[in-house]
Amino acid sequence: MNHSSFLLYLKRCSIQIITWAVTAAVFLLLGALTSMDSAIWHYALLLSGTFLLLSIFTQYLHERKKTEAVMECRLQAPEITASLPPSSSPSEQQEQQLIAELLKELSERETKTKNRQENMLNYYTMWVHQIKTPIAALDLLIQGSDSAARSDMDLELRRIRQYVEMVLSYQRLGSEQTDFLFQKTDLDSVIRSCVKKQSVFFIRNHLSLDFQPTGRTVDTDRKWLSFALEQILSNAIKYTKEGGRIRIAEESPSDSPLTADEAFSHGFSLVIEDNGIGIRKEDLPRIFDRGFTGSNGREHQKATGIGLYLTAETLRRIGCEVAAESEPGKGTRIFIHFPQSRRGNLFE
């Protein structure tokens, strides 16, 4: 308990102090009326005052121990009630019983919420695996079709696949356990694989690719890094006009949104840059927020508000950071900041 707490405690002891003051006044009055020896009532006042101070100080120490115990309990889990100090009055006993009941109710609600989340995750996982069967069947039908719309159908089917994977990734990231597997990974091979998956969209929109190999080996989870890169590439393709350009390269610290010291401590940055429609200044700080679509999403009706949120969350989970720079009409630059190796070594 600090100084202000002590003063507050003295205020709570005001009844005891007032009682002593009234008693002292009575002693003084009786002494004046009966011509009592002053030494007697001086001694009586001193003795009663000493008892009062000892009582207040003892109660204060007890109150401080109890306060510290309660503060310690606040840092603990549902076992908090077992660590509460013994109740010294019926009211405190009732308060502790109320705390125990509230904690029990909170624990039950948390259990129910966790069960609902697990059931939802199981349902979506099952749904994703079931939907893959008709998707595969549609793929076979499209490949065997001679229709003029074959390329369009194939393009839309690929988008469906992306959205299905997005649903599954969204559910997995929301669970407490995620299948991360960190190992040394060739960054360039991951980038090439992601570009290959998006190649149909590059060709369809007549987009050119400027990929400058980094030569880096990073300590990361290949599957989840691929997911994040695919989301960024998909977004760049979506908002880049036909005939545009997308660049992927390692960025020097001086060109990164981070300061030089931060960029050094974070290893290095990878930039994915497009010359598309760009992002408005007022929207830029919120593009990684869940559900935020921004002006572009409302105007072009292409955004779900989930893709970049999942990208930022995924990168955060694998130890990376993401940042963005953009200028309307000139394009957008997405930076992925890779930290130092989890094994304590710098990137190769």
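These numbers were taken from a predicted model, which means no experiment stands behind them.

What counts, and where the lines are drawn
Residues numbered from 1 in each chain as written. Predicted model: local features only at pLDDT ≥ 70, side-chain atom pairs only at ≥ 80, totals over all residues. Heavy atoms only, no water. Helix = DSSP H or I, 4+ residues; strand = E, 2+ residues; numbered from the N terminus. Buried < 20%, exposed > 50% of the residue type's maximum accessible area, 1.4 Å probe, protein only. Contact = heavy atoms within 4.5 Å. Areas by Shrake-Rupley, 256 points an atom, 1.4 Å probe, with all protein chains shown as cover. Axes fitted to C-alpha atoms, helices over the stretch in contact; angles between N-to-C directions. Parallel < 35°, antiparallel > 145°, perpendicular 65-115°, else oblique. Left-handed = near helix turned anticlockwise from the far one by under 90°. pLDDT = per-residue confidence, 0-100. Pairing = 2+ DSSP bridges. Salt bridge = Lys/Arg side-chain N within 4 Å of Asp/Glu carboxyl O. Expected span 1.5 Å × (residues − 1). Polar contact = N/O pair within 3.5 Å; in protein donor to acceptor, adjacent residues only side chain to side chain. Core = buried A, V, L, I, M, F, W, Y, C linked by side-chain atoms within 4.5 Å.

Focus: the overall build of the protein
No. 1: Regarding its fold elements, the protein presents twelve helices and seven strands.
No. 2: Of all 348 residues assigned to the protein, the portion counted as buried reaches 35%.
No. 3: Of the contacts formed within the protein by residues at least 6 apart in sequence, a portion of 70% connects residues at least 24 apart.
No. 4: Accessible surface, the protein: about 21400 Å² in total, of which carbon and sulfur atoms supply 57%.

Some remarks on the packing of helix 7 (residues 187–197) against helix 9 (residues 222–238)
No. 1: Contact geometry of helix 7 with helix 9 gives a least axis separation of 9 Å together with a crossing angle of 50 degrees. Relative to helix 9, the element helix 7 lies oblique. Between helix 7 and helix 9 lies a crossing whose hand is right-handed. Contacts between helix 7 and helix 9 pair Leu187, Ser189, Val190, Ile191, Cys194, Val195 and Lys197 from the former with Arg222, Leu225, Ser226, Leu229, Glu230 and Leu233 from the latter.

Concerning the confidence of the model for the protein
No. 1: For the protein, the average pLDDT comes to 77, and 74% of its residues sit at 70 or higher.
No. 2: Here residues 259–264 is a poorly scored stretch, pLDDT under 50, and it has three contacts once near neighbours within four places are set aside; other chains count.
No. 3: Segment residues 343–348: pLDDT under 50, and 20 contacts once partners within four positions in sequence are set aside and those in other chains are kept.

With respect to the sheet that holds strand 4 (residues 245–251)
No. 1: Read across the sheet, five strands follow the order 2-4-5-7-6 without closing on themselves; strand pairing throughout is mixed. Since the sheet does not close on itself, it has two edges, and those belong to strand 2 (208–211) and strand 6 (321–327), each with one partner. The average undirected angle you get between the axes of adjacent strands in this sheet is 15 degrees.
No. 2: In terms of strand pairing, strand 2 meets strand 4 through four bridges, oriented parallel. Paired with Leu209 across the bridge in strand 4 is Ile246.
No. 3: Most of the contacts of helix 7 go to strand 2, to which it runs at about 175 degrees, and overall it touches strand 2, strand 4, strand 5 (268–274) and strand 7 (331–338).

A look at the pattern of salt bridges
No. 1: Per the counting criterion, the structure on display carries twelve salt bridges.
No. 2: Ionic pairing is found between Arg247 and Glu251, a salt bridge with its closest N-O pair at 3.4 Å. The exposure classification of Arg247 matches that of Glu251, with both residues buried.
No. 3: A salt bridge links Glu273 to Arg333; the nearest nitrogen and oxygen atoms lie 4.0 Å apart.

Details of helix 9
No. 1: Between the first and last C-alpha of helix 9 there are 24 Å, a value that for 17 residues agrees with the 24 Å anticipated at 1.5 Å per step.
No. 2: Most of helix 9 is tucked away: 13 of the 17 residues are buried.
No. 3: Its side-chain oxygen 3.1 Å from the backbone nitrogen of Lys223, Asp221 forms the N-cap of helix 9.

A word on the nonpolar core
No. 1: Residues Leu225, Leu229, Leu233, Ile246 and Phe338 are the most contacted members of the largest nonpolar core, which totals 41 residues.
No. 2: The set of elements that each furnish at least two residues to this core consists of helix 6 (150–174), helix 7, helix 8 (199–204), helix 9, strand 4, strand 5, helix 12 (307–317) and strand 7.
No. 3: The element that contributes the greatest number of residues to this core is helix 9, accounting for nine residues.
No. 4: If near-sequence neighbours (up to four positions away) are discounted, Leu229 is found in contact with Val190, Ile191, Cys194, Leu270, Ile272 and Ile336.
No. 5: Ranked by size, the runner-up nonpolar core spans six residues in total, among them Val128, Ile135, Leu157 and Leu168.

A short note on unusual backbone geometry
No. 1: Residues other than glycine seldom take positive phi values, yet His206 does so here, at roughly 55 degrees.
No. 2: Position of His206 among the secondary structure elements: in the loop between helix 8 and strand 2.

With respect to helix 12
No. 1: Here helix 12 lies mainly inside the structure; nine of its eleven residues are buried.
No. 2: Taken as a whole, helix 12 has its buried residues at Gly307, Leu308, Tyr309, Leu310, Thr311, Ala312, Glu313, Thr314 and Leu315.
No. 3: Of the residues flanking the end of helix 12, it is Gly319, one or two places downstream, whose phi is positive at about 90 degrees.

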